Amino acid sequence: MKPEQRLQSQITTFLRQNDYFIIKTQSGPGTDIGTPDIITIDKHGKFLGLEIKRPDGQGTVSAEQKAVGAQIKRNGGLWYVIDSFTRFLEVIDDVEKLF
Ligand SMILES: [Mg+2]
């Protein structure tokens, strides 16, 4: 399993164990370019889009991904780029503090 896939798997496992609604999107036909890798809604109804990048810092965020992220935020959702499980836990902690 590639490092980015392993990170995605860690994150989806955590979210499922903590009762988040979750969609793990699949890239390819039928999925709009730029769609976040993981779409989740927490127990307060907060929409959270997560764009996962490889943990070595070499991943780049595409223009389409940035555009989708901006649209999510304009509509009141949250969008983050995640490149480590530590960063993911920080984000979840910040999101929970919003309530
Ligand atoms: Mg990705």
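Residues numbered from 1 in each chain as written. Predicted model: local features only at pLDDT ≥ 70, side-chain atom pairs only at ≥ 80, totals over all residues. Heavy atoms only, no water.

Where an unreviewed UniProt entry is consulted, the protein chain appears under the name VRR-NUC domain-containing protein, with the organism given as Fructobacillus americanaquae.

Draft legend 1. Spatial organisation of the coordination of the magnesium ion. The protein atoms that coordinate the magnesium ion are D37 (OD), E51 (OE) and I52 (O), at distances of 2.2 to 2.3 Å. Spacing between the donor residues of the magnesium ion along their common chain follows D-x13-E-I. You can see D37 sitting in the loop between strand 1 (21-24) and strand 2 (38-41) and its partner E51 sitting in strand 3 (residues 47-52), a full 14 residues away along the chain. An identical accessibility class is assigned to D37 and E51; each is buried. (Donors = N, O, S within 2.8 Å, 3.2 Å for Na, K, Ca; no water. Helix = DSSP H or I, 4+ residues; strand = E, 2+ residues; numbered from the N terminus. Buried < 20%, exposed > 50% of the residue type's maximum accessible area, 1.4 Å probe, protein only.)

Draft legend 2. How the structure looks around helix 2 (residues 63-74). With 12 residues, helix 2 extends 16 Å from end C-alpha to end C-alpha; this agrees with the ideal 16 Å at 1.5 Å per step. Those residues of helix 2 lying buried are Q65, V68, G69 and I72. Angular distribution of buried residues about the axis of helix 2 spans 100°; they occupy a single face of the element. Turned more than 90 degrees away from the buried face of helix 2 sit A63 and R74, all of them exposed. Downstream of helix 2 by a residue or two, G76 has a phi angle that is positive, lying close to 90°. (Expected span 1.5 Å × (residues − 1). Arc of directions from axis to C-beta.)

Draft legend 3. Inspection of the environment of G59 at higher detail. If you trace the backbone, G59 turns up in the loop between strand 3 and helix 2. Relative accessible area serves as the criterion here: at 28%, G59 is assigned to the partly exposed category. A sequence separation of 55 residues divides G59 from E4, and the C-alpha atoms of the two residues are 9.3 Å apart. If we skip the residues at most four places from it in the chain, G59 touches K53 and R54. (Contact = heavy atoms within 4.5 Å.)

Draft legend 4. Local environment of the pattern of salt bridges. Counted according to the given criterion, the structure contains 5 salt bridges. For K53, the salt bridge identified is with E51, shortest N-O distance 3.6 Å. Here K53 falls in the buried class, since its relative accessible area comes to 11%. For E90, the salt bridge is made with R87, and the minimal N-O distance between the two is 3.6 Å. Remark: R87 and E90 occur in helix 3 (residues 85-97); sequence separation between them is 3 residues, near one turn of the helix. (Salt bridge = Lys/Arg side-chain N within 4 Å of Asp/Glu carboxyl O.)

Draft legend 5. Just the sheet that holds strand 2, in detail. On the basis of which strands lie adjacent, the open sheet formed by 4 strands has the order 1-2-3-4 and mixed pairing. Whereas interior strands pair on both sides, the edge strands pair on one side only; in this sheet they are strand 1 and strand 4 (78-82). For this sheet, the mean inter-axis angle between neighbouring strands, taken without regard to orientation, is 20°. The sheet contact formed by strand 1 and strand 2 spans 4 bridges and is antiparallel. If you follow K24 over to strand 2, its bridge partner there is I38. Of the strands in this sheet, strand 3 and strand 4 touch helix 3, which is tilted by about 160° from strand 4. (Pairing = 2+ DSSP bridges. Axes fitted to C-alpha atoms, helices over the stretch in contact; angles between N-to-C directions.)

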